[in-house]
Number of protein chains: 2
Amino acid sequence: MSNVETLATHRTQGGTLRYCRHDSASTGTPMKFTMWTPDGEGPFPYLVWLSGLTCTEDNFTTKSGVYAHAARHGVAIVAPDTSPRGEGVADDPAYDLGQGAGFYVDATQAPWAPHFKMYSYVTQDLLEAVDGAFPLDPARRGIFGHSMGGHGALTIALRNPELFKSVSAFSPIVSPLNCPWGEKAMTAYLGPARAAWWAHDATALIEDGAGAAFDEILIDQGLADSFLENQLKPQLIEAAAAKAGRRVTVRRQDGYDHSYFFIATFIGEHMAWHAERL
Amino acid sequence: MSNVETLATHRTQGGTLRYCRHDSASTGTPMKFTMWTPDGEGPFPYLVWLSGLTCTEDNFTTKSGVYAHAARHGVAIVAPDTSPRGEGVADDPAYDLGQGAGFYVDATQAPWAPHFKMYSYVTQDLLEAVDGAFPLDPARRGIFGHSMGGHGALTIALRNPELFKSVSAFSPIVSPLNCPWGEKAMTAYLGPARAAWWAHDATALIEDGAGAAFDEILIDQGLADSFLENQLKPQLIEAAAAKAGRRVTVRRQDGYDHSYFFIATFIGEHMAWHAERL
């Protein structure tokens, strides 16, 4: 049985958007997410959106313009928060560690290990909750995300191709092994032994042949993104894909930055791309 | 000459979005607005968006999804802040008075009179600034807004039909004379003598024959809007229009509330409606 509580409901784009909360066994905390479904009985194909650093379940929900496109394709959308939160949950004053920065891993290190289990949360608790509470078709499920959430979408899909039929990303961190954001977060959550990081590095996973069932992985990257050179480095996953004979399409968008103004511009094309595959 | 300063620029929907600041002679303060223009030389037809209570220039900019539609029609969009702000500017702890709640009037009462000149700001300083700084066609200018900003769009257009070719609104306050928000704000800004309020009441202006040049005024109103019965009362402007032989189309949208999720759903239809007239 589902323990999903609906906190608020809005009609939008000919469907229903809900702000929800449920208890996660993985994080040991309440977790929030938004869920949009088209009108009708379903079951609907659906996409899981994973957000980036500092975001909650609200950013994508209010800023991406996704629901107009979701309505066109009859695809439901779920967007969870990016970390456990609240009293008794560890945090760090930096924007790129702790609450709002879960990095979609299961932490093994103090003080993060008790609650920072975002990998298990997304792959188990969240999917079980929404599949139980809404008219969704688990056999037609895709995943996408932005930045840290692009990293989450890629690594979670590559490791769980049985759960997802399609995966795409906007300006993802393609290799936490090779950028300051990744090095800091993986060290904190998983410890300094880099071997433990590989399972959470999309580029390394491609090199190792994970997720070969995906016919294509679609990535959009803005060329005016201030994080492009030091943090995102899409050329790393392109090189790994070329070596492994895999199709990873990186579209470089002139003039676009790291913001939701970039995401909103190309979200319709991602929705159409996923809809073809779901 | 224009004194517009660009604070930030984002590429979005195949055009350029700028966050801007300029000095307003009317308010005696710096004022902020956003400006989106399509690519190309212009001059572009454009729409002025006026936001509702508590909003800044940012809400419509990030949440409405308007630029995808603006790009389709080749129409530029300017969205100003809803009041003067900053040190030395009067304020009130309530959300519906003072900063964030300018109501698009020129205040005559203390402590508001020195800076709360939003009617003059929108009709003079803002238009002069954007016409001077961007490739816009002042002869093809429209205006729209939401709630308090719907009131602003309607009253400003009805009193200045030479400035605007089209006007529409989402869930507007159609008669400040006849609702608690209006009574509170007009009393504070214009004083208790209700005669001074008439020039800022869209329903009264329609009754008096103002803005007869507009072939139609389009209004969308959600039926699940919690402000509908006590504050918005679209039946008042409908009755005035019927009596005056004017065409005011109020579309009542089942299930939709007062939020940007409602605006985002119908913004494309408003853009198409304005584009036909510009």
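Report follows, based on the coordinates. (Residues numbered from 1 in each chain as written. Chains lettered and ligands numbered in written order. Predicted model: local features only at pLDDT ≥ 70, side-chain atom pairs only at ≥ 80, totals over all residues. Heavy atoms only, no water.)

A short note on unusual backbone geometry
Residues and elements named next belong to chain A. Definition in use: Secondary structure counts use DSSP, requiring at least four H or I residues in a row for a helix and at least two E residues in a row for a strand, with both numbered from the N terminus.
Of note, the amide linkage connecting Ala110 to Pro111 takes the cis form, showing an omega dihedral of -5°. Along the chain, Pro111 falls in the loop between strand E5 (76–80) and helix H3 (118–133). Positive phi is not limited to glycine here, since Thr54 has a value of about 80°. Looking at the secondary structure, you find Thr54 in the loop between strand E4 (44–50) and helix H1 (58–63). Despite not being glycine, Ser147 shows a phi value in the positive range, around 60°. With respect to the helices and strands, the residue Ser147 is situated in the loop between strand E6 (136–146) and helix H4 (148–159).

Topic: the pairing of E4 of chain A
Residues and elements named next belong to chain A. Quick note on the threshold: Summary of the burial criterion: residues with accessible area below 20% of their type's maximum are buried, those above 50% are exposed, and those between are partly exposed, where the area comes from a 1.4 Å probe applied to protein chains only. Strands are treated as partners if at least two bridges between them are detected by DSSP.
Counting buried positions along E4 gives seven out of seven residues, so the element sits mostly inside the fold. On E4, burial covers both faces: Phe44, Tyr46, Val48 and Leu50 on one face and Pro45, Leu47 and Trp49 on the other are all buried. Across three bridges, the pairing between E4 and E5 is parallel. Bridging across to E5, Tyr46 finds its partner in Ala76.

Quick look at the pattern of salt bridges
Residue and element names in this part refer to chain A. Applied cut-off: The salt bridge definition used is simple: a Lys or Arg side-chain nitrogen within 4 Å of an Asp or Glu carboxyl oxygen.
All told, the structure shown has 26 salt bridges over all chains when counted by the stated rule. Across the pair Arg140 and Asp137 runs a salt bridge, and its minimum N-O distance is 2.8 Å. Take Arg140: its relative accessible area is 27%, and that puts it in the partly exposed class. Owing to a relative accessible area of 18%, Asp137 belongs among the buried residues under this scheme. In this structure, Asp215 engages Arg277 in a salt bridge whose closest nitrogen and oxygen atoms are separated by 3.2 Å. Placement of the pair is Asp215 in the loop between helix H6 (202–207) and strand E8 (217–222) and Arg277 in helix H9 (residues 260–277), with a sequence separation of 62 residues. Residue classification places Arg277 among the buried residues on the basis of a relative accessible area of 15%. Salt bridges linked by common partners bring Asp215, Glu216, Arg247, Glu276 and Arg277 together as one network.

Re the packing of helix H2 (residues 66–73) of chain B against helix H9 (residues 260–277) of chain B
Residue and element names in this part refer to chain B. Put simply, the test is: Note on method: axes are straight lines fitted to C-alpha atoms, helices fitted across the in-contact stretch only, with angles between N-to-C directions ranging 0 to 180 degrees. An angle below 35 degrees is treated as roughly parallel, one above 145 as roughly antiparallel, one from 65 to 115 as roughly perpendicular, and anything else as oblique. Helix crossings get a hand from a simple test, with the near helix turned counterclockwise from the far one by less than a right angle marking a left-handed crossing and a clockwise turn marking a right-handed one. Whether two residues are in contact is decided by their heavy atoms, any of which lying within 4.5 Å being enough.
At a minimum axis separation of 9 Å, H2 and H9 run at an interaxial angle of 30°. Taken together, H2 and H9 sit at an angle that is classed as roughly parallel. Both H2 and H9 take part in a crossing whose hand is right-handed. Side by side, H2 and H9 meet where Val66, His69, Ala70 and His73 of the first sit next to Ile267, Gly268, Met271, Ala272 and Ala275 of the second.

Some details on the sheet that holds E8 of chain A
All names here are of chain A. The strand order across the open sheet formed by nine strands is E1-E2-E3-E5-E4-E6-E7-E8-E9, and the pairing between neighbours is mixed. Strands at the two margins of the open sheet, each flanked by one partner only, are strand E1 (5–12) and strand E9 (248–253). Here the strands of the sheet are splayed against their neighbours by 20° on average, with no regard to which way each runs. Strand contacts of H4: E4, E6, strand E7 (166–170) and E8, with the helix running at about 140° to E6, the strand carrying the most contacts. Along the sheet face, helix H8 (residues 234–244) touches E8 and E9 and points at about 150° away from the line of E9.

A short note on the interface of chain B and chain A
The criterion, for reference: Accessible surface is computed with a 1.4 Å probe, and the buried area is the amount of it that two parts give up when combined, taken over both parts together. Between N or O atoms, a polar contact is any pair within 3.5 Å; within protein, one atom must be a potential hydrogen donor and the other a potential acceptor, and residues adjacent in sequence are included only when both atoms are from side chains. Residues were grouped as follows: Ala, Val, Leu, Ile, Met, Phe, Trp, Tyr, Cys and Pro as nonpolar; Asp, Glu, Lys and Arg as charged; and all remaining residues, including Gly, as polar.
Each partner contributes to the interface: chain B provides 20 residues, whereas chain A provides 20 residues. Taking both sides of the interface into account, the surface hidden between chain B and chain A amounts to around 1,600 Å²; carbon and sulfur atoms contribute 53%. Along the contact surface separating chain B from chain A lie 12 residue pairs in polar contact (both at pLDDT 80 or more). Those elements that provide at least two residues to the side of chain B that touches chain A are strand E1 (5–12), strand E2 (15–24), helix H1 (58–63) and H9 of chain B. Residue composition of the side of chain B that touches chain A, by class: six nonpolar, 10 polar and four charged.

Here we look at the environment of Thr27 of chain B
All names here are of chain B. Assignment of secondary structure puts Thr27 in the loop between E2 and strand E3 (29–38). Classification of Thr27 as buried rests on a relative accessible area of 0%. Here the alpha-carbon distance between Thr27 and Thr62, two residues 35 residues apart in the chain, equals 25 Å. Those residues in contact with Thr27, other than ones at most four positions away along the chain, are Pro84, Pro114, His115, Lys117 and Tyr121. At 2.7 Å, the side chain of Thr27 and the side chain of Thr29 are in polar contact.

Side note on the side chain of Gln231 of chain B
Residue and element names in this part refer to chain B. Here Gln231 is to be found in helix H7 (residues 228–232). We classify Gln231 as buried; its relative accessible area is 11%. Engagement of the side chain of Gln231 in a polar contact is seen with the backbone nitrogen of Trp181, the distance being 2.8 Å. Those residues in contact with Gln231 that sit more than four places away from it in its chain are Ile173, Cys179, Pro180 and Trp181.

Describing the nonpolar core
Convention followed: As used in this record, nonpolar core signifies buried Ala, Val, Leu, Ile, Met, Phe, Trp, Tyr and Cys residues forming a set joined through side-chain atoms within 4.5 Å.
Counting residues in hydrophobic clusters, the biggest one holds 67 residues, and the most contacted among them are Phe33, Val48, Phe103, Val130, Ile143, Tyr189 and Ile217 of chain B. Among the elements that line this core, the one with the most residues is helix H3 (residues 118–133) of chain B, at eight residues. When residues no more than four places from it in sequence are discounted, the contact partners of Ile217 of chain B are Leu154, Leu158, Val167, Ile206, Arg247, Val248, Thr249 and Trp273 of chain B. By size, the runner-up hydrophobic cluster in this structure holds 65 residues, among which are Ala101, Val130, Leu158 and Cys179 of chain A.

Some remarks on helix H5 (residues 180–190) of chain B
All names here are of chain B. What counts, and what does not: Arc definition: it is the arc formed by the directions from the helix axis to the C-beta atoms.
Within H5, the full set of buried residues consists of Trp181, Gly182, Ala185, Met186, Ala188, Tyr189 and Leu190. On an axial view of H5, the arc spanned by its buried residues comes to 165°, and they lie on one face. In the core, the buried residues of H5 are packed alongside helix H4 (148–159) and H7. The first or second residue beyond H5 is Gly191, which carries a positive phi of 95°.

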